[in-house]
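Residues per chain are reported as follows:
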Amino acid sequence: MFAAMLSIKTIVVCGAGTMGSGIAQVAAHSGFNVIQFDLNSAMLDKSRAVIEKNFDFLISKQKLEADQKHSILQRIVFTDAIAECKGEVVVEAIIENKGAKVDLFNKLAAVNKAGTVFATNTSSISVSEIAAETTDPGRVAGMHFFNPAPLMKLVEVVKGEQTSEEVVQLLSDLSRKMGKTPVVCNDAPGFIVNRVARHYYLEAMKLVEQGLTDIETVDAVMEATGFKMGPFKLMDLIGMDINYGVSNIVWEALGKPERLRPSPLQKAKVDAGEFGRKTGKGFYHY
Ligand SMILES: NC(=O)c1ccc[n+]([C@@H]2O[C@H](COP(=O)([O-])OP(=O)(O)OC[C@H]3O[C@@H](n4cnc5c(N)ncnc54)[C@H](O)[C@@H]3O)[C@@H](O)[C@H]2O)c1
């Protein structure tokens, strides 16, 4: 039996980084109990601080009452113990690595009831390939939030080859319950948004690599045409390590076409540990 929407009480959010922290915040704010799991306790502390700061901002804008902040925070348990990670739905937002995600799902399947749904927030790894290495592939799907998760409305619900219709429906309903707009996608490299957006980043980097312009000009021009963020600011927000990883996975999955070859400019940033906002330096300084 699959968990029905009404029976979802607790969501296990794995990874307390950029995305996991935001997803935990949204889930708790939407009324669910949340267990936020990360192997790194410093990331759990950071996530708690970020969530508190975000709620303080909402209070300052009179969009949240102080006592609501208290009760929402009480619904989140921060833990590095996998045995505590029991819920009806798991949403994982750990590193963009297939082996790590499969290993985590299999460890969580051992501590959770049959019927638990496993959603991956992967940006680029095949959901079908992750699912195929788990004990119950029908219960695995993509639930791809966008950054920053508390603000961005879109969720790509990704249907792997073996994902059941019930799971797709449940994650779509859950997305709506979390105030999001779900779009069901098939499992193709980069799904929809990351496939299209590759060119936004890559063409911008090509212009700079070829010495035709600079990053500030590209960002200013794209923002002036109506994009919310220029491509370099957006890469700094996403995290260079994540964005470069996605570029490689999409490029390889599509047979390494020249038009999608990852940029040496971004590789240099990754090699230098300049991941963007999260490390204080990327294309810009923070
Ligand atoms: N950054 C974005 O804009 C963005 C957008 C959509 C989806 N995603 C996807 O979300 C996932 C997370 O991305 P992020 O930017 O939040 O990464 P991040 O580097 O900010 O955070 C990853 C977290 O996972 C933890 N972690 C690593 N291995 C773990 C494990 N085995 N078990 C538990 N915790 C573990 C790390 O300690 C870290 O806190 C990736 O799959 C990424 O592709 C990222």
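Coordinates for the structure precede this section.
Here the structure is a predicted model, which is why all the values come from computation and not from measurement.

1. Looking at the pairing of strand S6 (residues 140-145)
- Across the six residues of S6, six count as buried, placing the element largely inside the fold.
- A two-sided burial pattern is seen for S6, the buried positions comprising Val140, Gly142 and His144 on one face and Ala141, Met143 and Phe145 on the other.
- Where strand S5 (residues 117-120) lies against S6, three bridges are found, and the strand directions are parallel. When the bridges of S6 are listed, Ala119 appears paired with Ala141.
- A crossover connection joins S5 to the parallel S6 through helix H5 (residues 127-132); in handedness this β-α-β unit is right-handed.
- Strand direction decides the pairing type here: S6 and strand S7 (residues 154-159), joined by four bridges, are antiparallel. Pairing of His144 across the sheet is with Glu156, part of S7.

2. A look at the site of the ligand
- Taken together, 24 residues are adjacent to the ligand, and Met19, Asp38, Glu96, Lys101 and Ile238 come closest.
- Residue Met19 places a main-chain N or O atom 2.8 Å away from an oxygen atom belonging to the ligand.
- Ile238 has a polar backbone atom sitting 2.8 Å from a nitrogen atom of the ligand.
- For the ligand, whose accessible area on its own is 830 Å², the fraction buried by protein is 88%.
- Listed by contribution, the elements that provide at least two residues to the shell around the ligand are helix H1 (18-29) and S6.
- Both domains that meet at the shell around the ligand, namely domain 1 (5-186) and domain 2 (194-278), each give it at least three residues.

3. Notes on the pairing of S5
- Of the two faces of S5, the one holding Val117 and Ala119 and the one holding Phe118 and Thr120 are both buried throughout.
- With four bridges joining them, strand S4 (residues 89-92) and S5 adopt parallel strand pairing. When the bridges of S5 are listed, Glu92 appears paired with Thr120.
- Handedness of the β-α-β unit built from S4, helix H4 (residues 98-111) and S5 comes out right-handed.

4. Structural notes on a nonpolar patch on the surface
- Side chains of Val183, Ile192 and Val196 sit close together on the surface and give an oily, nonpolar patch of about 250 Å² of accessible area.
- Tracing the backbone shows Val183 in strand S8 (residues 181-186).
- When its relative accessible area of 34% is taken as the criterion, Val183 is described as partly exposed.

5. Re helix H2 (residues 41-60)
- Over its 20 residues, H2 runs 29 Å from end to end, which matches the ideal 28 Å to within 8%, given 1.5 Å per residue.
- Among the residues of H2, those classed as buried are Leu44, Ser47, Ile51, Phe55 and Leu58. Axial view of H2: buried residues confined to an arc of 65°, hence all on one face. H2 presents Lys53 and Ser60 as exposed residues on the side facing more than 90 degrees away from its buried surface.
- Of the surrounding secondary structure, the elements contacted by the buried residues of H2 are H1, strand S2 (33-37), helix H3 (66-74) and strand S3 (76-79).
- By the N-cap criterion, in which a side-chain oxygen at the helix start approaches the backbone nitrogen of a residue two or three places on, H2 is capped by Asn40, the distance to Ala42 being 2.9 Å.
- Looking one or two residues beyond H2, the residue adopting positive phi is Gln62, at roughly 60°.

Calculation rules
- Residues numbered from 1 in each chain as written.
- Predicted model: local features only at pLDDT ≥ 70, side-chain atom pairs only at ≥ 80, totals over all residues.
- Heavy atoms only, no water.
- Buried < 20%, exposed > 50% of the residue type's maximum accessible area, 1.4 Å probe, protein only.
- Helix = DSSP H or I, 4+ residues; strand = E, 2+ residues; numbered from the N terminus.
- Pairing = 2+ DSSP bridges.
- Right-handed = clockwise from strand over helix to strand, strands pointing away.
- Near = heavy atom within 4 Å.
- Polar contact = N/O pair within 3.5 Å; in protein donor to acceptor, adjacent residues only side chain to side chain.
- Areas by Shrake-Rupley, 256 points an atom, 1.4 Å probe, with all protein chains shown as cover.
- Domains from an automatic or database assignment.
- Patch = residues over 30% accessible without salt bridge, like charges linked within 9 Å, V, L, I, M, F, W, Y side chains within 5 Å.
- Salt bridge = Lys/Arg side-chain N within 4 Å of Asp/Glu carboxyl O.
- Expected span 1.5 Å × (residues − 1).
- Arc of directions from axis to C-beta.
- Contact = heavy atoms within 4.5 Å.

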